[in-house]
Each structure stands twice: as structure tokens, then as C-alpha cells.
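Observations on chain architecture
If you want the building blocks of each chain, they are given just below.
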Amino acid sequence: MNIAFSPGGWGPSFEFAFDAQNFSDRVLRIEVVASDGVARKRRRKEKGDAGQGIESSSAMVDTPLLHVSQEENAVMELLSFMYNGKLTTAEPALLLDILMAADKFEVLSCMRLCSQLLAKLPMTTESALLYLDYPCSISVAAEVHHLIVRAKEFLAKKYKDFIKFEHELMNFPLVGIEAIFSSTDLHVPIEDRIFTFMFKWARARYPELLERCKILSSRLLPLVRFIHMSSLSLHKVLTCTDADIDHDQVNKLITRVLLHKAYPAQQHDGFAADLTACWQFAERTYICKPLKVVAFDEPCPQVIAYWDLKREECSRLFQQGQIHSEPLRRPFLSGKIFSPQLNLAGLDFVLVATCNMGQLSGLYSFGLFFFIERPKGSVTVDYEFSARTRASGKFVARFQYKHTFTDRLMVGCNDVFGIPWPSFMADENLFIDGVLHLRADFRVLEQQEPQT
């Protein structure tokens with residue numbers, strides 16, 4: 001009789017003998033139990049008695065009793081593989097169960113085949129979450145490491161638009177949240193939203209206070225890039241009284257972040273070592289870019305805001321077909337960069353950077369606008385836009401105007417620098433080390449309450 005070999009090439013194929021009465025002179029009894037510890041102890045004892053364990057069961061004199069914790073289907077697939085070198089499933093969950101069973105009984109060739117089959121399967125949200133959340137031994141973790149890496153990359157890429165998927169993410173397990181919010185490529189209005197989402201998600205998923213505190217402190221808050229949160233939000237966190245925050249931990253962290261923001265050149269007494277956890281991360285892709293603000297009360301309410309935009313951030317503003325040559329009645333998220341709200345005279349101002357196409361010239365250019373959220377009555381604002389140049393090292397005024405607001409109108413300049421978009425993007429005098437430094441100066445000249 002010619003000997004056939006298994007498709008995997010690991011040895012002779014005994015498929016003809018599997019579950020065949022003529023070739024089975026021993027009975028293998030399998031009892032599925034819940035305890036992994038009991039199974040391991042029994043297996044070690046039986047392996048020591050028999051010398052070869054499950055793979056040499058046909059040589060045993062007595063009928064062995066093996067305890068396994070995997071599902072019955074996984075064990076039967078493993079036994080079938082040991083006879084014919086084949087697996088009959090392409091289901092990720094079952095393949096993982098088979099991989100665990102193969103690891104338990106040290107069937108290395110089956111472990112390799114499971115790993116290969118899993119690598120060939122298309123990645124989906126369900127399979128990615130399965131790979132990340134599957135409990136496995138150290139040896140199995142090594143086999144599926146590439147799957148875990150792929151799963152994290154898949155989730156981070158698919159769910160990078162935070163605004164689009166925020167509601168869906170509320171139903172994600174912890175491992176999925178960690179994979180997505182660890183990404184620098186996450187598109188989010190501002191880091192403050194990440195902090196707020198973490199608490200919203202934790203309170204929905206972990207109703208028990210102590211467990212929620214532990215998850216927030218050890219798993220979720222480390223994902224928040226506090227150094228990129230607005231100073232206003234950091235102050236709010238410092239003064240909040242929520243019971244599910246470890247206030248000592250968070251307050252110490254945020255206090256040092258605020259000190260770093262105020263005195264970035266001064267890091268004494270081991271500051272650098274202690275602060276690694278809160279600003280070792282790069283900025284995400286923020287729709288709202290943080291501001292640095294200086295405020296004055298006299299002789300009139302005034303705010304000077306400094307806004308730094310990277311060249312790559314400006315390049316993402318370009319979208320063909322945009323026409324913004326007239327003041328806009330409402331802002332849109334597409335093709336714009338927003339600032340966080342800055343408060344002046346009890347009003348919330350928001351800066352907006354755009355790429356505009358002039359209706360007459362058809363040329364694209366860099367535009368800078370602002371609007372007031374919910375203006376009350378009539379508000380007259382004098383404003384000036386400036387940009388720092390490499391040649392002078394100073395901020396040079398580019399546009400100045402005065403406008404009286406009675407509603408939520410976006411006003412500003414659709415061509416701040418008076419040059420086409422390609423020339424603007426290539427201008428090394430404006431982009432100093434790849435960064436465009438802008439300054440906006442707002443003064444409230446007159447404010448009238450609405451008529452009742």
C-alpha cells in the first residue's frame with residue numbers, strides 16, 4: 001500500500017483511518033470541563049504515565065481520559081487534523097479555538113496552519129475585536145501577534161473619523177477603544193472631546209463605581225493626550241468633583257501640564273521624566289487647532305490669539321470646487337480648520353482657516369474667518385489678522401476690518417496673503433520650519449443688549 005502524505009507536508013496522512021472501525025482498536029474519551037487548571041493537571045499526569053500524550057494515544061494500553069476546556073468542535077477538528085492534516089473551517093472564532101487546542105496538546109503543525117489560515121482571512125470589525133479580546137497563552141500570542149497588529153491597524157484606520165463613528169463606538173468593547181484611541185491619525189475636533197467621550201463610554205459600560213474608576217485610571221485616561229487639551233478644559237477637570245476620577249492622579253498630571261504650557265523652557269526637579277506619559281504623544285489630526293491666548297480688559301475687551309498651523313494641515317484644506325469669496329452664513333466641517341472657542345466680553349469667538357476659490361479669478365487662496373456663537377443683540381468687533389514672516393521675525397498685519405454682528409455670520413478675508421494657493425504652500429517666508437504662525441486680534445468696541 002502506498003503511503004499518502006498530508007497536504008501540510010508535516011507527515012504521513014492517516015485520513016483513511018480516521019473514525020474507521022477497522023483501524024480503531026482504542027477509544028479516546030473526551031470530557032469537556034470548565035477548569036483549565038484541572039485539565040492541565042490531568043494532562044500532565046497522563047502524559048507522564050503514557051510518555052507521549054494525545055498524539056500517541058494509539059500506543060496506550062489503557063483507555064485515556066483527557067480533560068479539555070475548548071469547545072467540542074475545536075477538539076474534533078484537531079483530532080481530524082492529526083489524521084489527515086486538514087481543517088474544514090474558515091471561521092475565525094473556531095480557528096482560534098483550534099489554535100488554542102493545538103497549543104494545549106502541542107500539535108505545532110496545526111498551530112502553524114491555523115495561523116496561516118487566519119492571516120489569509122479578510123479583516124472585519126468583528127474579527128478584529130475577536131483577535132484583540134481572545135484570551136490566549138504566551139505561545140499562542142506569539143502565533144497570532146501579526147493578527148493583533150493588523151487588527152489594531154484596521155480599527156484605527158476604519159474608525160479614524162471620530163465624529164462619524166462616535167455613536168457606534170459607544171458599543172465597542174474596551175480592547176477596541178484602546179486600539180482606536182491609541183492612534184495619532186484619529187480625526188477629532190479637539191482632544192477635549194476624547195476626554196469627555198472616555199467618561200461617557202466608561203459610565204455606560206461600567207456602572208459599578210470602583211470598577212469604573214480602575215478602568216478609567218489604568219486603561220482610558222492614559223489614552224488622552226492632555227498636553228493637547230485646551231487650558232479651559234484642563235481647568236474644568238481640575239475643579240470637577242466627579243467621584244469616578246482619581247483626583248490626586250489627574251490633578252498632579254494636569255497641574256504639571258499647565259506649568260509646561262506656561263513655561264515650556266523650564267523643566268526642573270525631574271519634570272521631563274515625570275511628564276513623559278502626558279506629552280510623549282504627537283498631535284492628532286484635529287479639526288479644532290488649539291490657540292494661545294492673551295486677554296485684556298482695558299481700555300476695551302480685547303483678545304490676541306496665536307494660531308500655529310502645520311504645512312500638512314494647510315494642504316488638507318485644498319478641495320476643488322469650494323467657492324468662499326463671500327462671507328459665509330454658516331461654517332462647515334469639510335475643508336476647514338477650526339479653533340476652540342475663545343471667550344471675549346461674554347461671547348464665544350471661533351477662528352476658521354479655509355482654502356477658497358474666487359468666483360471671478362478661479363484661483364484658490366488661503367482664507368481666514370471667524371464667527372461668534374450665539375451673539376446677543378448687536379456686537380461691533382474690530383479685528384486684525386497678522387502672520388509672522390521668516391525675513392522679519394515679526395508678525396506683519398495682513399487684513400483689518402470692523403464688523404457689527406447681529407447673528408451667527410462668518411466674516412473675514414478670503415485671500416489673506418494675496419497669492420495663489422500653490423505659491424502660498426511653497427512660500428518658505430510664511431512657513432517657518434513647516435509652520436504657519438498666525439495672529440488674530442479682536443476688540444469689542446460696542447455691545448448692545450437685545451431689545452425686549
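Quick notes on the rules
Residues numbered from 1 in each chain as written. Predicted model: local features only at pLDDT ≥ 70, side-chain atom pairs only at ≥ 80, totals over all residues. Heavy atoms only, no water. Helix = DSSP H or I, 4+ residues; strand = E, 2+ residues; numbered from the N terminus. Contact = heavy atoms within 4.5 Å. pLDDT = per-residue confidence, 0-100. Axes fitted to C-alpha atoms, helices over the stretch in contact; angles between N-to-C directions. Left-handed = near helix turned anticlockwise from the far one by under 90°. Nonpolar A, V, L, I, M, F, W, Y, C, P; charged D, E, K, R; others polar. Salt bridge = Lys/Arg side-chain N within 4 Å of Asp/Glu carboxyl O. Buried < 20%, exposed > 50% of the residue type's maximum accessible area, 1.4 Å probe, protein only. Arc of directions from axis to C-beta. Disulfide = S-S within 2.5 Å. Phe/Tyr/Trp six-rings, centres within 6.5 Å; stacked < 30°, edge-to-face > 60°.

Assignment of secondary structure puts Leu220 in helix H11 (residues 209–220). Along the backbone, Leu220 and Ile194 are 26 residues apart, and their C-alpha atoms lie at a distance of 9.8 Å. Excluding anything up to four places from it in sequence, Leu220 contacts Leu174, Ile177, Met198, Trp201, Ala202 and Ile215.

On to the confidence of the model for the protein. Looking at the protein as a whole, the pLDDT averages 79, with 76% of positions reaching at least 70. Low pLDDT (under 50) marks residues 1–11, which in the prediction has 19 contacts with non-local residues, meaning those over four places away or in another chain. Confidence drops under a pLDDT of 50 for residues 268–279, and excluding neighbours within four residues, the segment shows 16 contacts in the predicted structure.

On to the packing of helix H2 (residues 72–84) against helix H3 (residues 92–104). Where H2 meets H3, the closest approach of the two axes is 8 Å, and the angle between their N-to-C directions is 65 degrees. In this structure, H2 crosses over H3, and the sense of that crossing is right-handed. Between H2 and H3, the contacting residues are Asn73, Ala74, Glu77 and Leu78 on the first element and Leu94, Asp97, Ile98, Ala101 and Ala102 on the second. Across the contact of H2 with H3, the residue classes break down as six nonpolar, one polar and two charged.

Let us look at the pattern of salt bridges. This structure, assessed with the given rule, holds 14 salt bridges. Salt-bridge contacts for Glu178 lead to Arg219; the nearest nitrogen and oxygen are separated by 2.5 Å. Linking Glu178 in helix H9 (residues 174–181) with Arg219 in helix H11, this pair joins segments that are 41 residues apart in sequence. Here Glu178 falls in the buried class, since its relative accessible area comes to 19%. One salt bridge connects Arg212 with Asp244, and the closest N-O pair in it is separated by 3.1 Å. Residue Arg212 is located in helix H11, and its partner Asp244 is located in the loop between helix H12 (231–239) and helix H13 (247–262); the two are separated by 32 residues in the primary sequence. For Arg212, a relative accessible area of 11% translates into the label buried.

Within H12, burial applies to Ser233, Leu234 and Val237. Down the axis of H12, the sector holding all buried residues measures 100 degrees, keeping them to one side. Residues of H12 that are exposed and angled more than 90 degrees away from the buried face: Leu232, Lys236 and Thr239.

The subject of this paragraph is the state of the cysteines. Scanning the entire structure with this criterion turns up zero disulfides. You can see Cys114 has no disulfide; the closest cysteine sulfur is in Cys110, sitting 4.1 Å from it. Classification of Cys114 by relative accessible area gives buried; the value is 0%. Cys355 provides the cysteine sulfur closest to Cys314, a residue in no disulfide bond, and the two sulfurs are 9.8 Å apart.

Along the chain, Glu298 connects to Pro299 via a cis peptide bond; the corresponding omega equals 0 degrees. Looking at the secondary structure, you find Pro299 in the loop between strand E5 (292–296) and strand E6 (302–310). Positive phi, close to 55 degrees, is recorded for Ala345, a residue that is not glycine. Of note, Ala345 is situated in the loop between strand E8 (342–344) and strand E9 (347–357).

What follows concerns the packing of aromatic side chains. For the structure on display, the rule yields 26 aromatic pairs. With a centroid separation of 5.2 Å and 50 degrees between ring planes, the pair formed by Trp421 and Phe424 is classed as tilted. Of this pair, Trp421 and Phe424 both sit in helix H17 (residues 421–425), separated by three residues, roughly a single helical turn. Residue classification places Trp421 among the buried residues on the basis of a relative accessible area of 6%.

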